[in-house]
Every structure is written in structure tokens, then in C-alpha cells.
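Structural overview for review
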Amino acid sequence: MESQLTILLPVAAVWLAAGVVADGLPRLRNTRTLRRRTGWLLVLALTGMALTAAVLGAGLLSAGTAPADRAAAGLTLAAGPALVATVCSVRRIRRLWAGAGAFASAPATPAPHGLRAAAAHPLVGLPLQVTALATVPALIAAAGTDLGADPGVTGPAITVGALAVVAIGVRHALRHNRFAERARPAAAPSTRTAGALHV
């Protein structure tokens, strides 16, 4: 049981760190800081994906009830969000990192609202945070508590998890919309001169 927890703890810690870093990106006001944190986030996301794939691969290759098998079984819930993070989040994080790098010659430049809106996009932080949330049941099971054993606990746990995912998604969407509205250019005033109103 302890060895299973030893395998799962680094995976959960990396995904949790990635979720925390992604959540703080839109609050950064300096372009150099935004680029540095985006680089950290890219490394954390790639590390989390590599660790998750390694644990799942070890579970497929080993037979029986080895710790790697139990750890891989616990991470099956996190495999879906980790795949979404691989396909969607990493590409957006790389583009955000490159966009912030365009301001490298002027490191004190405030981060424009367009970059902050891109950092607040739901597909940047949401898959990472959902993956971190999906590792929690595996950690609880590795610690010795089986949530699926008692039907009276399984239902509320699934409901709480689903509500947490919805709340995180709504929060990301609202924040992204706020920054996107600020990034839009102001509407140009009409060039037509006001004339007499003919009825």
C-alpha cells in the first residue's frame, strides 16, 4: 500500500503544481514574469504527462497485483483529462510562451490583455486542474480508503467532483471573457457628420 502511494504522490504533486501555476498566469502583469511562469508550466505539464504515461505503461506491462498495477488502476480516471491536456493545453501553453517571448527585448513591458486573455483560456488551466482533481481518488484509495466500496459515499463523491469541475470551468470562462473584452480594440467613432433630421 505504501509503495503504491509512493508511486502516485509525485504524479499528483506535479499535476497539482501545474494547476496552481496555470491558475496564477492571468494575474501576472509583467511580460517577463509571464514568460518565465509559462515556461515552468510547460515543463510541469510535460512532466505530469510523462509520469502518468509511465505509470499507466508500467501497469500494462506488469501482471498481477504489483504496486504499479494498483497505481495504474487508480490513474485510469486521470487518463482522460491528461490526454486532453496533452492535445489542447500544451499547444496553447507553447503559443503563450512564444507570444510572451516577443516582448523579450523590453522585459519591463506590462503584459497586454490579449496575452492575459490567452493565459486565462479554459483549455490552458482546466485540463490540468481536472487531472489534478482526478488523481485524488487514487491517492485516497492508496491511503487505505476505498470510495467505491460504500454506495452511500460513491454517489456524493462523484457529485462533489462533478460540481468542482463545473465550478472550475465556469470560473475560467468568466475570467477569459473579462480579459478578452479588454483586449478588443475600442470601436472607432463614426466619421459621418451629424446633419439635420429629415422627417
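Residues numbered from 1 in each chain as written. Predicted model: local features only at pLDDT ≥ 70, side-chain atom pairs only at ≥ 80, totals over all residues. Heavy atoms only, no water.

**Focus: the overall build of the chain**
When helices and strands are counted, the chain shows eight helices and zero strands. Listing every helix and strand of the chain by position from the N terminus yields α-α-α-α-α-α-α-α. Carbon and sulfur atoms form 68% of the exposed surface of the chain, whose accessible area is close to 11,200 Å². (Helix = DSSP H or I, 4+ residues; strand = E, 2+ residues; numbered from the N terminus. Areas by Shrake-Rupley, 256 points an atom, 1.4 Å probe, with all protein chains shown as cover.)

**Re the pattern of salt bridges**
Applying the stated criterion to the full structure yields three salt bridges. When the shortest N-O distance is used, the salt bridge between Arg171 and Asp23 registers 2.5 Å. Linking Arg171 in helix H8 (residues 151-183) with Asp23 in helix H1 (residues 2-24), this pair joins segments that are 148 residues apart in sequence. A salt bridge links Asp23 to Arg175, with the nearest nitrogen and oxygen atoms 3.4 Å apart. Here Arg175 lies in helix H8 and Asp23 lies in helix H1, a separation of 152 residues in the sequence. One exposure class covers both Asp23 and Arg175, and it is buried. Put simply, Asp23, Arg27, Arg171 and Arg175 are held in one network by salt bridges that share partners. (Salt bridge = Lys/Arg side-chain N within 4 Å of Asp/Glu carboxyl O. Buried < 20%, exposed > 50% of the residue type's maximum accessible area, 1.4 Å probe, protein only.)

**Quick word on the confidence of the model for the chain**
If pLDDT is low for a region, its predicted coordinates should not be looked at in detail. For the chain, per-residue confidence averages 82 on the pLDDT scale, and 83% of positions sit at 70 or higher. Note that pLDDT drops below 50 for residues 186-190; the model gives that stretch zero contacts with residues more than four away or on any other chain. (pLDDT = per-residue confidence, 0-100. Contact = heavy atoms within 4.5 Å.)

**Overview of the side chain of Ser89**
If you trace the backbone, Ser89 turns up in helix H4 (residues 76-101). Discounting chain neighbours no more than four positions away, the residues touching Ser89 are Val84, Leu123, Val124 and Pro127.

**Focus on the packing of helix H2 (residues 31-61) against helix H3 (residues 67-74)**
Relative to each other, H2 and H3 sit at 125°, their axes nearing to 8 Å. With respect to each other, H2 and H3 are oriented oblique. The two elements H2 and H3 cross, and the hand of that crossing is left-handed. For the pair H2 and H3, contact is made by Val55, Leu56, Ala58 and Gly59 and by Ala68, Asp69, Ala71 and Ala72, respectively. (Axes fitted to C-alpha atoms, helices over the stretch in contact; angles between N-to-C directions. Parallel < 35°, antiparallel > 145°, perpendicular 65-115°, else oblique. Left-handed = near helix turned anticlockwise from the far one by under 90°.)

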